[in-house]
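# Notes for the structure review
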Amino acid sequence: MTGPGTICVTGGAGYIGSHACLALAAQKRKAVVVDNLSTGSRDAVRWAPLAKLDLRQTEALTETLIRHGVDTVLHFAASAYVGESVSNPQKYYDNNVGGMLSLLTACAAAGVKTFVLSSSCATYGVPERVPITEATAQRPINPYGTTKLICEQMLKDIAGQTAMSYAILRYFN
């Protein structure tokens, strides 16, 4: 390959994902958005082509990564409401954890080299002290935080068996 490959932005029709695509376009980086549009907006996908599919569609996802020459994934797609995760934990385990397993399987099959996971400060739960650091124990107190922590561990385990490097971002608001 002569230069950087394509960057896949999952959840690229959402707020953070669409802004990531804007930043990539400003840097003249080639991207592709993967989003099922369940919460995102097609109108937000302006800077990259859209592959409208659910992350749990492993075969279609693998084909998309290969067809677009993806070497990096920025993973923003997830169900992300703490209250809803308490009232409907099955949805969160299916979408967040199931989607992550499918995505990591597709990435391994497609030879993706770099993976950035959008996680959450919800993995920390109620910390014993502040400020929170990366060394703070992660003890989530709701299904959303638990699914994000599981996704972090899945990434560490699976990347460790492949040539994939990774970063994990935990946002605070």
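For the structure, see preceding data.
Residues numbered from 1 in each chain as written. Predicted model: local features only at pLDDT ≥ 70, side-chain atom pairs only at ≥ 80, totals over all residues. Heavy atoms only, no water.

## Overview of the packing of helix 2 (residues 58-67) against helix 4 (residues 89-110)
Contact geometry of helix 2 with helix 4 gives a least axis separation of 9 Å together with a crossing angle of 40°. Put simply, helix 2 runs oblique to helix 4. Of the two possible hands of crossing, helix 2 and helix 4 adopt the one that is right-handed. Together, Thr58, Leu61, Thr62, Leu65 and Ile66 of helix 2 and Ser102, Leu103, Thr105, Ala106, Cys107, Ala109 and Ala110 of helix 4 make up the contact between the two elements. Residues of the contact of helix 2 with helix 4, tallied by class, amount to 8 nonpolar, 4 polar and no charged. (Axes fitted to C-alpha atoms, helices over the stretch in contact; angles between N-to-C directions. Helix = DSSP H or I, 4+ residues; strand = E, 2+ residues; numbered from the N terminus. Parallel < 35°, antiparallel > 145°, perpendicular 65-115°, else oblique. Left-handed = near helix turned anticlockwise from the far one by under 90°. Contact = heavy atoms within 4.5 Å. Nonpolar A, V, L, I, M, F, W, Y, C, P; charged D, E, K, R; others polar.)

## Considering the side chain of Asp54
Along the chain, Asp54 falls in the loop between strand 3 (50-52) and helix 2. Given a relative accessible area of 14%, Asp54 falls into the buried group. A polar side-chain atom of Asp54 sits 2.7 Å from a polar atom in the side chain of Arg56. (Buried < 20%, exposed > 50% of the residue type's maximum accessible area, 1.4 Å probe, protein only. Polar contact = N/O pair within 3.5 Å; in protein donor to acceptor, adjacent residues only side chain to side chain.)

## A few points about the sheet that holds strand 1 (residues 6-10)
With parallel pairing, 6 strands are arranged side by side in an open sheet as 3-2-1-4-5-6. Of all strands in the sheet, those bounded by a partner on one side alone are strand 3 and strand 6 (165-169). On average, each strand axis in the sheet is inclined to that of its neighbour by 20°, with strand direction left out of account. Where strand 1 and strand 4 (residues 70-75) come together, 5 bridges link them in parallel fashion. (Pairing = 2+ DSSP bridges.)

## Remarks on empty space enclosed by the protein
Scanning the entire structure with this criterion turns up 1 cavity of 30 Å³ or more. If you add up the space inside the largest cavity, you get close to 30 Å³. Lining the largest cavity are His75, Ala77, Ala78, Asn96, Leu117, Ser118, Lys148 and Cys151. At the level of elements, strand 5 (114-118) and helix 5 (143-159) are the ones that each hand at least two residues to the lining of the largest cavity. Counted by class, the lining of the largest cavity contains 4 nonpolar, 3 polar and 1 charged residues. (1 Å grid on protein atoms, 1.4 Å probe; cavity = no way out; pocket = protein on both sides within 12 Å on 5 of 7 lines; lining within 4 Å. Points joined across faces, edges and corners; volume = space filled by probe spheres on them.)

## Section: the pattern of salt bridges
It is possible for side chains of opposite charge to pair when their charged atoms get near one another. Across all of its chains, the model carries 6 salt bridges by this definition. When the shortest N-O distance is used, the salt bridge between Asp54 and Arg56 registers 2.7 Å. The residue Glu84 makes a salt bridge to Lys91 at a minimum N-O spacing of 3.0 Å. Assessed through its relative accessible area of 34%, Lys91 is described here as partly exposed. Among the charged side chains, a salt-bridge network with shared partners connects Asp54, Arg56 and Asp94. (Salt bridge = Lys/Arg side-chain N within 4 Å of Asp/Glu carboxyl O.)

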